[in-house]
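What follows is the residue order along each chain.
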Amino acid sequence: MGIGARRVFRLSLSTALALMVAYSLPLIMPFIAPAFGFMLAAPPKPAMGPKGLLGLLLVLCLMLGTGLLLIPVLNYYPATGLLLVLAGLFGANYISLNLGKGPVGALLTVGVAMISMVGTLSYALALVVIQELLICIAIGVLSHWLVYPLFPEDPGPAPQPPAPQPQQSRWLATRATLIVFPSFLLGLTNPTFYAPIIMKSVALGQQATETHARDAGRELLGSTFVAGLLAILFWFALKLAPTLWLFFLLTLAFGLFVTPRFYGVVSSRHPPTFWLNAMVTMFILIGPAVADSANGKDPYKAFVVRMSLFVGVTLYAWLAINFLEWLRARGQAKRPVAAVVEVSP
């Protein structure tokens, strides 16, 4: 089997396995496991080792614990608390970009925003969310461990991404932070309802770091609408026989559709970040819909509301990217003129 086919089967199967294990457990947000399992297993390299998993969980515990410390500050000193959250989001995005730890940075961003947001509603609920985040991440990594021996990478060192420029990393981290922060402010009004919006905005922030301003509208909006279409098809297929086994098989089937385009095995006009965001967004839409159906709520009305919010968040991200790039270009254009004025007598 060629390396491209191995990567496709490995990522699709590990994601489906993470979903099946998560939905077998009594978790509140089991859809986090396949979403972040997909992100963690997407890089074409060997599975994370036990030391790497332990280190990741320890770092997450530290960052999520910081989110808990922000809860009383947000409650009693809201202005200071918001500034600290803003700084935490920037630090998480900078780790993602400058250290080349995209999935880890996304996890830290979700942790800082979601834990502090949910904690303003209930400290006990924030502890439950931390526990579920750690369990779901462990499920995603363990699923990758089980599948990787079946579809390994070719022997040899893994390709290393080019070293990022510190100044560019700071700028992209600022841009990603300003995309996530308004969603955090919105989530403070109703933390339980807007929790999926945080995950969507984090996915948009990660995608925006690799998207040029001229292509932002097509990639950000396009991937969101593709995710909505995939979620609709997934939902009606699942209704034929709503069982865990069909849930697993549908996840595997949709993964086999998306991952060849993600890895370039099947030609696509869209970059890998487009398909990554589409797959993650599909899980964010399907997971709450399944929970709404199980709790006796109307999943169709909730889907329309969530999809509308996702489109609104995506439109904001697109406008923010173009506005920030315009400000940056304007500042760079004025800089040489200022230098000439300073030198002239």
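Look up: the structure comes first, before these words.
We now examine the layout of surface pockets. Its boundaries defined by the atoms lining it, the second largest pocket holds a volume of some 650 Å³. Taken together, 28 residues line the second largest pocket, and the ones lying closest to its centre are Ile-28, Met-29, Thr-192, Ala-291 and Arg-306. Going through the elements one at a time, α5 (102–119), α6 (123–147), α8 (191–208), α11 (272–294) and α12 (299–343) are the ones with two or more residues in the lining of the second largest pocket. Residue classes in the lining of the second largest pocket are distributed as 19 nonpolar, three polar and six charged.

Inspection of the secondary structure puts Ser-223 in helix α9 (residues 216–238). Within the structure, Ser-223 has its side chain in polar contact with the side chain of Asn-277 (distance 2.7 Å).

Turning our attention to a nonpolar patch on the surface. A cluster of nonpolar residues, Met-1, Phe-9 and Leu-256, forms a patch on the protein surface that exposes about 290 Å² of accessible area. You can see Met-1 is positioned in the segment before α1 (3–23).

Moving on, we get to helix α2 (residues 32–41). Taken across its ten residues, α2 has ten buried, putting it largely inside the fold. Within α2, burial applies to Ile-32, Ala-33, Pro-34, Ala-35, Phe-36, Gly-37, Phe-38, Met-39, Leu-40 and Ala-41.

Take α6 next. The end-to-end C-alpha distance of α6, which contains 25 residues, comes to 37 Å, matching closely the 36 Å that a straight helix rising 1.5 Å per residue would cover. For α6, the capping residue at the N-terminal end is Ser-122, with a side-chain oxygen 3.4 Å from the backbone nitrogen of Ala-124.

With that out of the way, let us pick up the environment of Leu-108. By secondary structure assignment, the location of Leu-108 is in helix α5. What makes Leu-108 buried here is its relative accessible area of 2%. Here Leu-108 is in contact with Val-59, Leu-60, Met-63, Ala-92 and Ile-95, once residues within four sequence places are set aside.

Right, let's get into the pattern of salt bridges. Under the defined criterion, the tally for this structure stands at four salt bridges. Its salt-bridge partner being Arg-7, residue Glu-153 comes within 2.9 Å of it at the nearest N-O pair. With Glu-153 in the loop between α6 and α7 (166–187) and Arg-7 in helix α1, the pair connects residues that are 146 residues apart, well separated along the chain. Here Arg-7 falls in the partly exposed class, since its relative accessible area comes to 22%. One salt bridge in this structure joins Arg-10 and Glu-153, with 2.7 Å as the shortest N-O distance.

Reading the values: rules and limits
- Residues numbered from 1 in each chain as written.
- Predicted model: local features only at pLDDT ≥ 70, side-chain atom pairs only at ≥ 80, totals over all residues.
- Heavy atoms only, no water.
- 1 Å grid on protein atoms, 1.4 Å probe; cavity = no way out; pocket = protein on both sides within 12 Å on 5 of 7 lines; lining within 4 Å.
- Points joined across faces, edges and corners; volume = space filled by probe spheres on them.
- Helix = DSSP H or I, 4+ residues; strand = E, 2+ residues; numbered from the N terminus.
- Nonpolar A, V, L, I, M, F, W, Y, C, P; charged D, E, K, R; others polar.
- Polar contact = N/O pair within 3.5 Å; in protein donor to acceptor, adjacent residues only side chain to side chain.
- Patch = residues over 30% accessible without salt bridge, like charges linked within 9 Å, V, L, I, M, F, W, Y side chains within 5 Å.
- Areas by Shrake-Rupley, 256 points an atom, 1.4 Å probe, with all protein chains shown as cover.
- Salt bridge = Lys/Arg side-chain N within 4 Å of Asp/Glu carboxyl O.
- Buried < 20%, exposed > 50% of the residue type's maximum accessible area, 1.4 Å probe, protein only.
- Expected span 1.5 Å × (residues − 1).
- Contact = heavy atoms within 4.5 Å.

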